[in-house]
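Summary of the model geometry
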Amino acid sequence: MKIVLLGTSSAVPTLTRGLSSTALIRDGDVFLFDCGEGTQLQLMRSGVKRSRIHSIFIGHLHGDHLYGIAGLLSTLHLDGRETPINVFGPEGIRTFLHAAFRTTEDKFSFKLTINEFPRGYRGRVLDEEEFYVDALPLDHSIFCLGWRFQEKDKPGIFNLERAQELGIPRGPLYGRLQHGESVTLPDRKIITPDMVLGTPRQGKSVVYCLDTQFSERSIQLADKCTALIHETTFGPDAVDMARERKHSTMEDAARVAKEAGAENLIATHFSSRYDGRQIAQIGDEAKSVFENIILGKDLLEIDL
Ligand SMILES: [Zn+2]
Ligand SMILES: [Zn+2]
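As a starting point, this report considers the structure included with it. (Residues numbered from 1 in each chain as written. Chains lettered and ligands numbered in written order. Predicted model: local features only at pLDDT ≥ 70, side-chain atom pairs only at ≥ 80, totals over all residues. Heavy atoms only, no water.)

1. Here's the deal with the coordination of the zinc ion (ligand 2)
Note on the zinc ion (ligand 2): its protein donors are H60 (NE2), H62 (ND1), H140 (NE2) and D211 (OD). The metal-donor distances range over 2.2 to 2.3 Å. One can describe the site at the zinc ion (ligand 2) as irregular: its 4 donor atoms subtend angles covering 91 to 167° at the metal. Sequence positions of the donors to the zinc ion (ligand 2) reduce to the motif H-x1-H-x77-H-x70-D. Between the zinc ion (ligand 2) and the zinc ion (ligand 1), both coordinated by D211, there is a metal-metal distance of 3.6 Å. Linking H62 in the loop between β4 (53–57) and α2 (69–78) with H140 in the loop between β8 (131–137) and β9 (145–151), this pair joins segments that are 78 residues apart in sequence. What makes H62 partly exposed here is its relative accessible area of 26%. (Donors = N, O, S within 2.8 Å, 3.2 Å for Na, K, Ca; no water. Tetrahedral: all angles 85-135°; square planar, octahedral: opposite > 155°, others 65-115°. Helix = DSSP H or I, 4+ residues; strand = E, 2+ residues; numbered from the N terminus. Buried < 20%, exposed > 50% of the residue type's maximum accessible area, 1.4 Å probe, protein only.)

2. Examining the packing of helix α8 (residues 250–260) against helix α9 (residues 276–286)
Interhelical geometry of α8 versus α9 gives an angle of 40° and a closest axis separation of 9 Å. One finds that α8 runs oblique with respect to α9. Considering how the two elements wind past one another, α8 and α9 form a crossing that is right-handed. From α8, M250, E251 and A254 reach across to α9, where they touch I279, I282, G283 and A286. The residue makeup of the contact of α8 with α9, split by class, is 5 nonpolar, 1 polar and 1 charged. (Axes fitted to C-alpha atoms, helices over the stretch in contact; angles between N-to-C directions. Parallel < 35°, antiparallel > 145°, perpendicular 65-115°, else oblique. Left-handed = near helix turned anticlockwise from the far one by under 90°. Contact = heavy atoms within 4.5 Å. Nonpolar A, V, L, I, M, F, W, Y, C, P; charged D, E, K, R; others polar.)

3. A closer look at the sheet that holds strand β2 (residues 21–26)
Sheet architecture is open: 7 strands sit in the order β6-β5-β4-β3-β2-β1-β16, paired in mixed fashion. For this open sheet the edge positions go to β6 (112–117) and β16 (301–303), each flanked by a neighbour on one side alone. Each neighbouring strand pair of the sheet contributes to a mean axis angle of 15°, computed without reference to strand direction. Inspection of the sheet shows β4 paired to strand β5 (residues 85–90) by 3 bridges, in the parallel sense. The residue of β5 that forms the bridge with S55 is N86. Across the sheet, helix α1 (residues 39–46) lies against β1 (2–7), β2, β3 (29–33), β4 and β16, angled at about 135° from β1, the strand it touches most. Sheet contacts for helix α3 (residues 93–103): β5 and β6; angle to β6, the most-contacted strand, approximately 145°. (Pairing = 2+ DSSP bridges.)

4. Focus on α1
Restricting attention to buried positions, one finds in α1 the residues T39, Q42, L43 and S46. Seen from one end, α1 has its buried residues packed into an arc of 105°, which puts them on one side. Turned more than 90 degrees away from the buried face of α1 sit M44 and R45, all of them exposed. Where α1 is buried, its residues contact β1, β2, β3, β4, α2 and β16. Once α1 finishes, G47 follows within two positions and takes phi at roughly 85°, a positive value. (Arc of directions from axis to C-beta.)

5. Description of the coordination of the zinc ion (ligand 1)
Within the protein, the atoms that donate to the zinc ion (ligand 1) are D64 (OD), H65 (NE2), D211 (OD) and H269 (NE2), at distances of 2.1 to 2.4 Å. Here the donor residues of the zinc ion (ligand 1) share one chain and are spaced in sequence as D-H-x145-D-x57-H. Judged by its relative accessible area of 1%, H269 is buried.

6. Structural notes on the side chain of T233
Position of T233 relative to the elements: it lies in the loop between β13 (227–231) and α7 (239–245). What T233 contacts, discounting residues up to four positions off in sequence, is S10, H247, S248, T268, H269, F270, S271 and Y274.

The following block contains the structure:
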């Protein structure tokens, strides 16, 4: 999996940072988390293919996370896209999109499925063969969902040599063992999957927490994840402002990462009051709480 940060500014864009959006690329499919104004341009600059967007997740309805979606969907229509697309978001996203497209009389070349969740919703929003996505409410000034993209564990590698030693005939029994079933051989010997499979390969996970103040629910959502993408709007000079506006400081996010046992923290959604040098300094200070902090910047690619 690969993460590409498309926009890392909060509230307003700056000359070097666009508004919130992050692409997660898995097996060529693109999953877009938030779609602030300017996301289309950032997609082009990054080389992430908009034609491969599978789903768009909008955590909450603040404009800096949302206003790019109408333009992006309109462009996909002009591309002549036929593949359906899913949008996931809190209650109100349907009204927003319908208002935009009714006003402009846009009709799409593709099927748009809007999945809307009521206030307080928690649960699985997408479940496919190799991965799923869970949602959990965060703690922001309006209803805001955090997302966990989780690859399912894969069975261990099939040991052909061992299978032959055990006298398992080639054919469908191999497949059944690979799918976790025990099988009985013609001589009545029972073979369990662990006799021929290596240790299971653990799926990777990416958790997206924007926007929120420090919250136990973020810790719960980020439990032992591979990468936690968490908002870090403010530094230690603006703790009061963070509390008042229900945002996080870099240190809050570091605490979430530490308590969740995350492998990495990807810091993003920086207030425009800070320049790059100040953000680097704020990041360095928070490393005393959690070591593996990756400071986000636009178009940064992170391989997992
Ligand atoms: Zn925001
Ligand atoms: Zn917000």
